[in-house]
Amino acid sequence: MAEVKLAAQVRTEFGKGAARRTRRANLVPAVIYGHGAEPVHVTLPGHELMMALKTANVLIGLEIDGKDALVIPKAVQRNPLKGDIEHVDLLTVKRGEKVNVEIAVHVEGDLAPGGNLLEYVQNTLLVEAEATHIPESVTVSVAGLDAGASVLAKDIPLPKGSVLAGDEDAVVLQVVAAQAEEPTAEAEAEGAEA
């Protein structure tokens, strides 16, 4: 995964009014924390941050007052109506350090014939990986699975350098049989009239 470089400025104003002024200037307020250090309040360029966050678990290299910091996004708050980024919590990481992150689960292949449905019990999988080598997703083959089959977290092949950090016996995917709806009394009456 490539590292995205952003320039950050230290924030000295706090509160709703200051945050609104920051957002009007197309900047996003953020907090950097981790490794037992005091949290650092910064502003980040809005458009560049939005583009960087399109990649899950993106590694961001920040330049803050001439110092470099390596961070990953931990929480992103968005405006519920517009979808704009309102605030970001960033976690400081070091090269070679292991971090726990959630990665997307994708499927490939066709289920066994017979109208079966695939149900995602979990859309993501919690894994431990090196901060500079976080996988974007995992792919699971569901080819030929029939109703009643399930895929457990421990059955999913993980990318090299990643280990499962969550419950290994957790059900991630399951195959269920499609159910036909029972005809209602009104539908039966309409069918008798025809």
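The structure this text deals with has already been given above.
What you are looking at is a predicted structure, and each value in this text was computed from that prediction instead of being measured. (Residues numbered from 1 in each chain as written. Predicted model: local features only at pLDDT ≥ 70, side-chain atom pairs only at ≥ 80, totals over all residues. Heavy atoms only, no water.)

### Topic: the sheet that holds strand β10 (residues 137-141)
The strand order across the open sheet built from four strands is β10-β7-β9-β12, with neighbouring strands paired in mixed fashion. Pairing within the sheet leaves two strands with one partner each, and these edge strands are β10 and β12 (163-164). With two bridges connecting them, strand β9 (residues 124-130) and β12 associate as antiparallel partners. In the strand pairing of β12, E128 is matched with V163. (Pairing = 2+ DSSP bridges. Helix = DSSP H or I, 4+ residues; strand = E, 2+ residues; numbered from the N terminus.)

### A few points about the nonpolar core
Core analysis: the largest hydrophobic core is formed by 21 residues, its most contacted members being I72, V93, V99, V101, L125, I156 and V172. The dominant element in this core, judged by the number of residues it contributes, is strand β7 (residues 98-108), at four residues. Once residues within four sequence positions are removed from consideration, I156 is found in contact with L125, V138, V140, V151 and V172. Core analysis: the next-biggest nonpolar cluster, separate from the first, contains 18 residues, L6, A8, V28 and I85 among them. (Core = buried A, V, L, I, M, F, W, Y, C linked by side-chain atoms within 4.5 Å. Buried < 20%, exposed > 50% of the residue type's maximum accessible area, 1.4 Å probe, protein only. Contact = heavy atoms within 4.5 Å.)

### As for the sheet that holds strand β4 (residues 59-64)
Strand order in this closed barrel of six strands is β1-β3-β2-β6-β5-β4, and the pairing throughout is mixed. Ignoring strand direction, the axes of neighbouring strands in this sheet form an average angle of 45 degrees. Pairing of strand β1 (residues 3-10) with strand β3 (residues 37-45), which is carried by two bridges, proceeds in the antiparallel orientation. Looking at β3, one finds that Q9 is bridged to T43. Strands β2 (27-34), β3 and β6 (85-92) of the sheet are contacted by helix α1 (residues 16-24), whose axis makes an angle of about 115 degrees with β2. (Axes fitted to C-alpha atoms, helices over the stretch in contact; angles between N-to-C directions.)

### Observations regarding the pattern of salt bridges
Opposite charge on two side chains lets them pair, provided their charged atoms get close. Applying the stated criterion across every chain, the model contains one salt bridge. For D169, the salt bridge identified is with K154, shortest N-O distance 3.1 Å. You can see D169 sitting in the loop between β12 and β13 (171-177) and its partner K154 sitting in the loop between β11 (150-152) and β12, a full 15 residues away along the chain. Classification of D169 as partly exposed rests on a relative accessible area of 43%. (Salt bridge = Lys/Arg side-chain N within 4 Å of Asp/Glu carboxyl O.)

### Some words on the layout of surface pockets
Counted as a void, the largest pocket has a volume near 310 Å³. Contributing to the lining of the largest pocket are 14 residues, with R23, V28, D84, I85 and E86 lying nearest its centre. At the level of elements, β2, α2 (46-52) and β6 are the ones that each hand at least two residues to the lining of the largest pocket. Residue classes in the lining of the largest pocket are distributed as four nonpolar, five polar and five charged. (1 Å grid on protein atoms, 1.4 Å probe; cavity = no way out; pocket = protein on both sides within 12 Å on 5 of 7 lines; lining within 4 Å. Points joined across faces, edges and corners; volume = space filled by probe spheres on them. Nonpolar A, V, L, I, M, F, W, Y, C, P; charged D, E, K, R; others polar.)

### Quick notes on the environment of V171
When you line up the elements, V171 lands in strand β13. Overall, V171 belongs to the partly exposed group, its relative accessible area being 28%. Along the chain, V171 and T92 lie 79 residues apart, while their C-alpha atoms are 31 Å from each other. With residues near it in sequence (within four places) discarded, V171 still touches V121, Q122, S150, V151 and L152.

### Re the environment of V42
Inspection of the secondary structure puts V42 in strand β3. On the basis of relative accessible area, V42 is assigned to the buried category, the value being 0%. Each C-alpha atom of the pair V42 and V31 lies 6.1 Å from the other, and the pair is eleven residues apart in sequence. Those residues in contact with V42, other than ones at most four positions away along the chain, are A8, Q9, V10, R11, V28, P29, A30, I32 and I64.

### With respect to a positive patch on the surface
Residues K16, R20, R23 and R24 make up a contiguous surface patch of positive charge. Residue placement: R23 occurs in helix α1. With a relative accessible area of 31%, R23 lands in the partly exposed category. (Patch = residues over 30% accessible without salt bridge, like charges linked within 9 Å, V, L, I, M, F, W, Y side chains within 5 Å. Areas by Shrake-Rupley, 256 points an atom, 1.4 Å probe, with all protein chains shown as cover. Lys, Arg positive; Asp, Glu negative; His and termini not counted. Charge placed at Lys NZ, Arg CZ, Asp CG, Glu CD.)

### Considerations on the environment of A37
Mapping A37 onto the fold places it in strand β3. Using a relative accessible area of 48% as the deciding quantity, one classes A37 as partly exposed.

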